[in-house]
Amino acid sequence: SNGISFSPDGRTMYFCDTPTRKVFAFSYDPQAQGTNALTNRRLVYSMPSHLPGGPDGAQVDAAGKLWIALSGAGMVVQVDPETS
């Protein structure tokens with residue numbers, strides 16, 4: 001697994017789960033201790049089955065869009081976490 005990144009406000013953490021070919025978002029509370037900092041896991045992207053590889057790194061731009069590198073597919077996709 002790879003690709004931890006944060007939303008512009010720092011309240012959402014994104015996680016690329018390469019083996020499952022999915023990207024998840026978690027609510028993040030920087031004041032919480034330990035595993036309590038991450039809650040509300042939700043799917044924001046599932047890699048299409050026709051593409052090889054898996055999501056292997058991501059960054060969030062200033063507008064809050066998630067850019068995901070698809071290792072093996074040789075491409076980058078933009079995902080809007082608010083609408084996925």
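Structure first, text after, so check above.
None of these values were measured; they are calculated from a predicted model.

Let us now look at the sheet that holds strand E3 (residues 22-28). Spatially, E1-E2-E3-E4 is the arrangement adopted by the four strands of the open sheet, whose pairing is antiparallel. With partners counted over all chains shown, the strands left at the sheet margins are strand E1 (2-6) and strand E4 (38-46), one partner each. Pairwise comparison of adjacent strand axes, ignoring direction, gives a mean angle of 20° for this sheet. Relative to strand E2 (residues 12-17), E1 is paired through four bridges, and the arrangement is antiparallel. From the neighbouring strand, isoleucine 4 faces E2, where its bridge partner is phenylalanine 15.

A separate point is the side chain of serine 7. Relative to the elements of secondary structure, serine 7 occurs in the loop between E1 and E2. Engagement of the side chain of serine 7 in a polar contact is seen with the side chain of aspartate 9, the distance being 2.6 Å. Separated by 3.4 Å, the side chain of serine 7 and the backbone nitrogen of arginine 11 make a polar contact. Aside from chain neighbours lying at most four places away, what touches serine 7 is Thr12, Tyr14 and Val60.

Let us look at the packing of aromatic side chains. Inspection of the entire model under this criterion finds one aromatic pair. Ring geometry for phenylalanine 6 and tyrosine 28: centres 5.3 Å apart, planes at 65°, overall edge-to-face. Of the two residues, phenylalanine 6 is situated in strand E1 and tyrosine 28 in strand E3; the sequence distance between them amounts to 22 residues. Its relative accessible area of 25% is what places tyrosine 28 among the partly exposed residues.

With that settled, the discussion passes to the pairing of E3. Sheet topology note: the E2/E3 ladder contains six bridges and is antiparallel. Residue phenylalanine 15 lies in a different strand from E3, and its bridge partner there is phenylalanine 24. Here E2 folds back onto E3 in antiparallel fashion, the turn holding four residues, of which arginine 21 has a positive phi close to 65°.

Criteria and cut-off values
Residues numbered from 1 in each chain as written. Predicted model: local features only at pLDDT ≥ 70, side-chain atom pairs only at ≥ 80, totals over all residues. Heavy atoms only, no water. Pairing = 2+ DSSP bridges. Helix = DSSP H or I, 4+ residues; strand = E, 2+ residues; numbered from the N terminus. Axes fitted to C-alpha atoms, helices over the stretch in contact; angles between N-to-C directions. Polar contact = N/O pair within 3.5 Å; in protein donor to acceptor, adjacent residues only side chain to side chain. Contact = heavy atoms within 4.5 Å. Phe/Tyr/Trp six-rings, centres within 6.5 Å; stacked < 30°, edge-to-face > 60°. Buried < 20%, exposed > 50% of the residue type's maximum accessible area, 1.4 Å probe, protein only.

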